[in-house]
Amino acid sequence: MTEQVPASFRAFRIHNDDQGYRAGVDTVGIDELSAGDVTIKVSYSGINYKDALAGTGKGKICRSFPMNGGIDVAGTVVASGSNRFQSGDEVLVTGCGLSETRDGGYSEYLRLDSNWIMPLPDGLSALDAMTIGTAGFTAAMSLYRMEISGQKPDQGPILVTGATGGVGSIAIDILSRAGYEVHAISGKEEQFGWLAALGATECISRHQLEWSGRPLESARWAGCIDSVGGDMLAGICTAIKPWGNVAACGLAGGIGLKTTVMPFIIRGVSLIGIDSPLCPYPIREAIWPRLANEWKPGKLDMIRNRIVGLDELDGIFGGMLEGQSLGRVVVKL
Ligand SMILES: NC(=O)c1ccc[n+]([C@@H]2O[C@H](COP(=O)([O-])OP(=O)(O)OC[C@H]3O[C@@H](n4cnc5c(N)ncnc54)[C@H](OP(=O)(O)O)[C@@H]3O)[C@@H](O)[C@H]2O)c1
């Protein structure tokens, strides 16, 4: 049975025109939004660093305007032209061009391309899935790729940077669930207790960290999930044990990378690039069920910092870009 989509509903729209770059809650009709063969009633979205860049205009994320924000979405199918999905199915999408090349999840209803839609895996609620969101999927994809490259818990501790953020906090949770010893680097010393409760056995202050600048330092960690980039990533590569893996997934500290080949050719360290928005569908199919089972973060209630409405987004984006994140913020539609 096809549920009626209301003639108009609310969406957080980003504009860039004669009046400048601005974003806020608009009233829209479904035909104003990107086309797609599946229509969903949205239940939750989330706030990722990229959403803050798009919503404030601090990063060139949206390729056309106006555009709904929200790179993640979960909801229930209300109309489907695809034989893979039927009305009533619970689904999710992370990345896949949402809020970049097509309207994103900050919208009460949305049309999606069925090629990118994942069924909500058994064992995850829509709220859990959006607490995980792109940030948690990225953390899981980092571990997935590190393990393909041979990472094992008995090689030693895994370092997580940007530890209080969305990627970092879920990485700590997943890694400790998967049997790894986890060390965390954070700029928020007052949150070391929170990081320990998530599973970090050692917390290191980002403000007291100094790298020698030598091509190789004494090897401390067996691998790393890094959402910071820049000098942090360069320094970490010099301190990874032989045959360890570093998943480079973020740029919260900068986009530069000044390094030497020494960690790679003397210690066999692998630097793994992580791009979650364009992650191929078969890899999504491999990772999401794990996120609902053996890698299901056990501390999602702690990581889910707030649940907000569309009207509250603006107030959160600025703090996120200033490094103030603590866990994840979920958006309820
Ligand atoms: N490659 C991908 O597919 C992908 C997917 C998702 C996210 N990302 C990237 O990953 C990064 C984190 O995303 P997120 O959603 O986790 O953001 P977030 O929730 O805002 O977390 C970012 C964390 O980075 C740390 N940080 C902030 N500014 C910093 C600075 N100047 N130097 C060093 N550390 C800083 C802070 O942690 P502490 O205070 O604890 O140090 C902050 O909580 C972003 O760059 C984002 O674009 C990439």
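Residues numbered from 1 in each chain as written. Predicted model: local features only at pLDDT ≥ 70, side-chain atom pairs only at ≥ 80, totals over all residues. Heavy atoms only, no water.

This next bit is on the domain arrangement of the chain. You can read the domains of the chain as domain 1 (9-120 + 299-332) and domain 2 (135-273). Placing the centre of domain 1 and that of domain 2 at their C-alpha centroids yields a distance of 29 Å. Domain 1 puts 13 residues into the contact, and the matching count from domain 2 is 15 residues. Between domain 1 and domain 2, roughly 1200 Å² of surface is buried when both sides are summed, and carbon and sulfur atoms account for 63% of that area. Where domain 1 packs against domain 2, one counts zero salt bridges. (Domains from an automatic or database assignment. Contact = heavy atoms within 4.5 Å. Buried area = accessible area lost by both parts, 1.4 Å probe. Salt bridge = Lys/Arg side-chain N within 4 Å of Asp/Glu carboxyl O.)

What helix α1 (residues 49-56) keeps buried is the set D51, A52, L53, A54 and G55. On its buried face, α1 is in contact with β1 (9-17), β2 (20-28), β3 (38-47) and α9 (313-321). (Buried < 20%, exposed > 50% of the residue type's maximum accessible area, 1.4 Å probe, protein only. Helix = DSSP H or I, 4+ residues; strand = E, 2+ residues; numbered from the N terminus.)

Let's shift gears to the nonpolar core. Core analysis: the largest hydrophobic core is formed by 50 residues, its most contacted members being L92, I172, I174, L175, W288 and L291. Of all the elements in the fold, those that place two or more residues in this core are α2 (126-148), β9 (158-160), α3 (166-177), β10 (182-186), α4 (192-198), α7 (281-291) and α8 (300-303). Per-element tally for this core: the top contributor is α2, with 13 residues. Residue assignment places this core across two domains, with domain 1 (9-120 + 299-332) and domain 2 (135-273) each supplying three or more. Aside from chain neighbours lying at most four places away, what touches I174 is G136, A139, A140, L143, L291, W295 and P297. (Core = buried A, V, L, I, M, F, W, Y, C linked by side-chain atoms within 4.5 Å.)

Not every one of the 27 residues close to the ligand is listed here, only the nearest: S186, C249, I274, S276 and S325. The backbone of G187 places a nitrogen or oxygen atom 2.8 Å from an oxygen atom of the ligand. Contact with the protein chains removes 88% of the 920 Å² of surface that the ligand exposes when unbound. Mapped by element, the contributors of at least two residues to the shell around the ligand are α2 and α3. Grouping the constituent residues of the shell around the ligand by class yields 10 nonpolar, 14 polar and three charged. Two domains each provide a minimum of three residues to the shell around the ligand, namely domain 1 (9-120 + 299-332) and domain 2 (135-273). (Near = heavy atom within 4 Å. Polar contact = N/O pair within 3.5 Å; in protein donor to acceptor, adjacent residues only side chain to side chain. Areas by Shrake-Rupley, 256 points an atom, 1.4 Å probe, with all protein chains shown as cover. Nonpolar A, V, L, I, M, F, W, Y, C, P; charged D, E, K, R; others polar.)

Turning next to the pattern of salt bridges. Summed over the entire model, instances satisfying the criterion amount to 13 salt bridges. Between E108 and R10 there is a salt bridge whose closest N-O contact spans 3.9 Å. Of this pair, E108 sits in the loop between β6 (90-94) and β7 (109-112) while R10 sits in strand β1, and the two are 98 residues apart along the sequence. Relative accessible area serves as the criterion here: at 25%, E108 is assigned to the partly exposed category.

Further remarks concern the sheet that holds strand β14 (residues 270-273). Strands sit in the order β11-β10-β9-β12-β13-β14 across an open sheet of six strands; the sheet is parallel. With partners counted over all chains shown, the strands left at the sheet margins are β11 (200-205) and β14, one partner each. Sheet twist, expressed as the mean angle between neighbouring strand axes with direction ignored, is 20°. Where β10 meets β11, five bridges bridge the pair, whose relative direction is parallel. Pairing of V182 across the sheet is with A200, part of β11. Strands β9, β12 (221-226), β13 (240-248) and β14 of the sheet are contacted by α2, whose axis makes an angle of about 145° with β12. (Pairing = 2+ DSSP bridges. Axes fitted to C-alpha atoms, helices over the stretch in contact; angles between N-to-C directions.)

Our focus in this paragraph is the side chain of S45. Along the chain, the position of S45 falls in strand β3. A relative accessible area of 0% places S45 in the buried class. Among the polar contacts made by the side chain of S45, one reaches the main-chain carbonyl oxygen of D72 at a distance of 2.6 Å. Apart from the residues within four sequence positions on either side, S45 is in contact with G70, D72, G105, Y106, M130, V330, V331 and L333.

The three strands lie next to each other as β2-β1-β4, forming an open sheet whose pairing is antiparallel. Pairing within the sheet leaves two strands with one partner each, and these edge strands are β2 and β4 (67-68). Bridge count for β1 against β4 is two bridges, and the pairing is antiparallel. The residue of β4 that forms the bridge with I14 is M67. Sitting on the sheet, α1 is in contact with β1 and β2, with an inclination near 105° to β2.

Taken across its five residues, β6 has four buried, putting it largely inside the fold. Here strand β5 (residues 72-80) runs beside β6; their pairing, made up of five bridges, is antiparallel. Paired with V73 across the strands is V93, a residue of β6.

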